[in-house]
Amino acid sequence: MNLSLVSQKPSAATTQGLLAALRASTGYGDYFNEVSIAQPSQWQPGKEEAAILLLDGDTPWPEFAWQRSGETFGLPVLPLLMRGGDETLTIQGPDVRDPRFYFVSNGIVLDESELADPACSRVLLSKLESYFPLLSRLILLRQRQPMGLCS
């Protein structure tokens, strides 16, 4: 099972820092074989995948590359909103009513500066790790159910 970190800014320091933190997590290897970064427009999720949607851009999310094909349905996702400084929360991620996604949370909001703080980073990692068992179970359910029954 794999975990994708989907970000509009895959080479940004915050994205790379989050990726490093996820890979260093104690629970990572228990639930996932690989953690990788993908851009929304190039992301092609598989049936053995869950995702953290890192909302770190200041523009609306682009269309997903697999949106029109209908091959993936009920993908388990956890939204993570990264705020920079005094920014107001104006960006929008994917629609929670979209049947291609199974949102496991309303999302986690984090300031960019908190990721650099070791104490805040540990709290965030602990929150993310608490979702690992649920994400992995949902992946297993997706693998067992026919495409039309996942909702």
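Everything numeric in this text was worked out from a predicted model, so none of it was measured.

Procedures and definitions
- Note on numbering: residues in each chain are counted from 1, in written sequence order.
- Only residues with pLDDT of at least 70 are given local features in this predicted model, and only at 80 or more are side-chain atom pairs given and counted; all residues enter the totals for whole chains, interfaces and linings.
- To obtain the side-chain values, all non-hydrogen atoms of the structure were included, while hydrogens and water were left out.
- Each helix is a run of H or I in the DSSP string that is no shorter than four residues. Each strand is a run of E no shorter than two, and both are numbered from the N terminus.
- Relative accessibility decides the category of a residue: with a 1.4 Å probe and only protein chains considered, values under 20% of the type maximum give buried, values over 50% give exposed, and everything between is partly exposed.
- We call two residues contacting when some pair of their heavy atoms lies within 4.5 Å.
- Per-residue accessibility takes into account occlusion by the displayed protein chains alone, with areas from the Shrake-Rupley method and a 1.4 Å probe.
- Side-chain atoms within 4.5 Å link the members of a nonpolar core, which is a set of buried Ala, Val, Leu, Ile, Met, Phe, Trp, Tyr and Cys residues.
- What pLDDT conveys is the predictor's confidence in a given residue, as a value from 0 to 100.
- Expected span of a helix, by definition, is 1.5 Å for each gap between consecutive residues, and there is one gap fewer than residues.
- Throughout, the arc means the angular range of directions from the helix axis out to the C-beta atoms.
- Strands qualify as paired when DSSP identifies two bridges or more between them.
- Centres within 6.5 Å make a pair out of two Phe, Tyr or Trp rings, where for Trp the six-membered ring is used; the pair is then stacked when the planes are under 30 degrees apart, edge-to-face when over 60, and tilted otherwise.

Bringing the overall build of the protein chain into the picture now. Along the protein chain, the regular secondary structure elements total four helices and six strands. Relative to its full complement of 151 residues, the protein chain shows a buried share of 46%. Here the analysis covers contacts within the protein chain between residues at least 6 apart in sequence; of these, 79% occur between residues at least 24 apart. For the protein chain, the exposed surface amounts to about 8,000 Å²; the carbon and sulfur share of it is 49%.

Let us now look at the environment of Val 77. Among the secondary structure elements, Val 77 is positioned in strand E4 (residues 75-83). Note: C-alpha distance between Val 77 and Ser 105 (28 residues apart in sequence) is 8.2 Å. When near neighbours in sequence (up to four residues on either side) are disregarded, Val 77 contacts Ala 51, Leu 53, Phe 101, Tyr 102, Phe 103, Val 104 and Leu 135.

Right, let's talk about the nonpolar core for a bit. Grouped together as the largest cluster of nonpolar side chains are 27 residues, with contacts concentrated most on Leu 3, Leu 18, Leu 22, Leu 80, Leu 124 and Leu 128. Those elements that place two or more of their residues in this core are strand E1 (2-7), helix H1 (13-24), strand E3 (49-55), E4, strand E6 (108-111) and helix H4 (118-144). Among the elements that take part in this core, H4 stands out by supplying eight residues, more than any other. The next biggest cluster of nonpolar side chains, apart from the first, holds 13 residues, and it includes Val 6, Ala 51, Trp 61 and Leu 81.

Let us now look at the confidence of the model for the protein chain. On average, residues of the protein chain score 80 in pLDDT, and 83% of them are at 70 or above. No element of the protein chain has a lower mean pLDDT than helix H3 (residues 112-116), at 76, and none a higher one than E1, at 92.

To continue, consider the environment of Glu 48. In this fold, Glu 48 is placed in the loop between strand E2 (34-38) and E3. Take Glu 48: its relative accessible area is 46%, and that puts it in the partly exposed class. When neighbours within four sequence positions are excluded, Glu 48 is seen to be in contact with Met 1, Asn 2, Ile 139 and Gln 143.

With 12 residues, H1 extends 16 Å from end C-alpha to end C-alpha; this agrees with the ideal 16 Å at 1.5 Å per step. Restricting attention to buried positions, one finds in H1 the residues Thr 14, Thr 15, Leu 18, Leu 19, Ala 21 and Leu 22. Across the axial projection of H1, the buried residues extend over an arc of 165°, all falling on one side. Within H1, the exposed residues directed more than 90 degrees away from the buried face are Ala 13 and Ala 24.

Within E4, eight of the nine residues are buried, which leaves it mostly tucked inside the rest of the structure. Direction of pairing for E3 relative to E4: parallel, over a ladder of five bridges. Opposite Ala 51, over in E4, you have Val 77 as the bridge partner. Both E4 and strand E5 (residues 101-103) contribute to a ladder of three bridges, which runs parallel.

With that out of the way, let us pick up the packing of aromatic side chains. Each pair of aromatic rings is reported with the distance of its centres and the angle of its planes. Evaluation of the coordinates by the stated rule reveals three aromatic pairs. With 5.3 Å between their ring centres and 90° between their planes, Phe 32 and Phe 132 make a pair best called edge-to-face. Residue Phe 32 is located in the loop between helix H2 (28-31) and E2, and its partner Phe 132 is located in helix H4; the two are separated by 100 residues in the primary sequence. For the pair shown, Phe 32 and Phe 132 are each scored as buried. A network of ring pairs unites the aromatic residues Tyr 31, Phe 32 and Phe 132 as a single cluster.

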